[in-house]
Structures are given as structure tokens and as C-alpha cells.
Amino acid sequence: GNSVTQMEGPVTLSEEAFLTINCTYTATGYPSLFWYVQYPGEGLQLLLKATKADDKGSNKGFEATYRKETTSFHLEKGSVQVSDSAVYFCALSDRKGGSNYKLTFGKGTLLTVNP
Amino acid sequence: ETGVTQTPRHLVMGMTNKKSLKCEQHLGHNAMYWYKQSAKKPLELMFVYNFKEQTENNSVPSRFSPECPNSSHLFLHLHTLQPEDSALYLCASSQEGLAVGTDTQYFGPGTRLTVL
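Residues numbered from 1 in each chain as written. Chains lettered and ligands numbered in written order. Predicted model: local features only at pLDDT ≥ 70, side-chain atom pairs only at ≥ 80, totals over all residues. Heavy atoms only, no water.

> Before we move on, could you go through the sheet that holds strand S3 (residues 18-25) of chain B and cite the residues and values that matter?
Residue and element names in this part refer to chain B. The strand order across the open sheet formed by four strands is S1-S3-S8-S7, and the pairing between neighbours is antiparallel. Only two strands of the sheet have a single partner each, and these edge strands are strand S1 (4-7) and strand S7 (64-70). Looking at each pair of strands side by side, their axes are set apart by 20 degrees on average, direction ignored. Bridge count between S7 and strand S8 (residues 73-79): five bridges; the pairing is antiparallel. The partner of glutamate 67 across the bridge, within S8, is phenylalanine 75. (Pairing = 2+ DSSP bridges. Helix = DSSP H or I, 4+ residues; strand = E, 2+ residues; numbered from the N terminus. Axes fitted to C-alpha atoms, helices over the stretch in contact; angles between N-to-C directions.)

What follows is the structure, given as C-alpha cells:
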């Protein structure tokens, strides 16, 4: 079956530091890949997505490239801010037969950015 | 209102109470989902509705009863819950189809449920 593995946190950085959160996946088909972010006390917000190999998703300074050869979708940001403190979830979307697309999530990585 | 809304945002209930969670999506989508997020556990998909029809029930106990009267509204009726059911319940919606982008789910802010 499908699975997503992301680096365990927590990750603690100083403001303006470079961020990388690793994510690798296992899938039988050709999934789309996502990063969702969850701020404290909130639901999940779509941060970025990529639908096919070599696509780069980007939003709010965050980027991730769909690497089929390494089955990875690592999240990066060049300069983090305190407001980026949140839990980040990597996910893939796939479907079998006529069923709905299903999201498979990683366990989440807590990022704390200190001023 | 825009996106996906959920009410109430917080709910405290006793084990003998009956309550309902409400979700509404303003995105014109045709599929809706309930997820459970417990501390230190991955997100668990509970139910899937497609065009108001339930297409998936992931072995959820019968004390959770979903209802989808139309493509914009989704309810989760709760009765005789257990303390271990305390969690954040998230609703999501998507536009199911074959076109690119139909695999993206949009989430509401969640209802934080505490069962005493």
C-alpha cells in the first residue's frame, strides 16, 4: 500500500535559518504530492502541491520538487520566520479503480522558529 | 463565508450526551470527508461522501453517525462517546473527477472535542 515517511521532529531553528523537512513516499501508482501546514489550534491548510515528476510546488517562500527517481518531496525554505512555526504534513493522493482520491499522510513535523 | 467551515470549534460532552458536528463547504465541491486527529497519531480517515452517497466507512464505531443531506453539508452525529474519542475532528472537501487538480482536499478548521 501507499505510505509517507517524513523526518521526525521537533525541528527548532532561529529566524532566517534555512529549512529542510524530508519526505519520502511509497506508492503503486502515479500520485500527486502535497505539503499541508497546521498552525496551533487550526485545521490543515494546503501549502503547496505537485502533480507529476519534476514539478516544483511553491508558496509563501516554501518549495518542494517531485523527485520520482528518489521518491521524495522535500520541503525547503530559504529563510524561516517566527510565523512559520507550525506542524507540517507531507501527503500523497492516489486512487484505485473508481473510488475517490485518498490522502495518505505522514506523521507530521513540528517546526519551532525562535526570534 | 469562504472555504470549509466547521461548527462548533470546541465541544465538551459527557459520555451519555448526544451532539452533532457540522461542516459546510462553500467551494462547489462534490465530495466531503471526516478525519480524526488524535495526539501523536496520524490523521485517520473516517468517512467519505461522494455526491451525498457514503462511499467509505473506515471501520468507524457506530457511536459516530455521519449524515450528508447535500453536497455542501456534512454532519457527524455523536452519542455515547468514550474519553478516547477526544480529538480534533476535521472536515474536508474536494471536487472529484478526472481532471487535473481534482485530487486536492481542502480542510476546515476542525472541532476540538473533549469527552468527559
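> With reference to specific residues and values, describe the side chain of aspartate 85 of chain B.
Residues and elements named next belong to chain B. For aspartate 85, the position within the fold is in the loop between S8 and strand S9 (87-94). The exposure class assigned to aspartate 85 is buried, which follows from its relative accessible area of 2%. A polar side-chain atom of aspartate 85 sits 2.7 Å from a polar atom in the side chain of arginine 63. (Buried < 20%, exposed > 50% of the residue type's maximum accessible area, 1.4 Å probe, protein only. Polar contact = N/O pair within 3.5 Å; in protein donor to acceptor, adjacent residues only side chain to side chain.)

> Please set out unusual backbone geometry residue by residue, giving values where relevant.
Residues other than glycine predominantly adopt negative phi, and peptide bonds predominantly adopt the trans conformation. Across the junction of glycine 9 of chain A and proline 10 of chain A, the peptide omega takes the value 0 degrees, indicating a cis bond. As for its position among the elements, proline 10 of chain A is in the loop between strand S1 (3-6) and strand S2 (11-14). Note that the residue after threonine 7 of chain B, namely proline 8 of chain B, is joined by a cis bond; omega there is -10 degrees. Non-glycine residue threonine 71 of chain A carries a positive phi angle of around 40 degrees. Tracing the chain through its elements places threonine 71 of chain A in the loop between strand S8 (62-65) and strand S9 (75-77). Looking at threonine 71 of chain A, the relative accessible area reads 30%, which means it is partly exposed.

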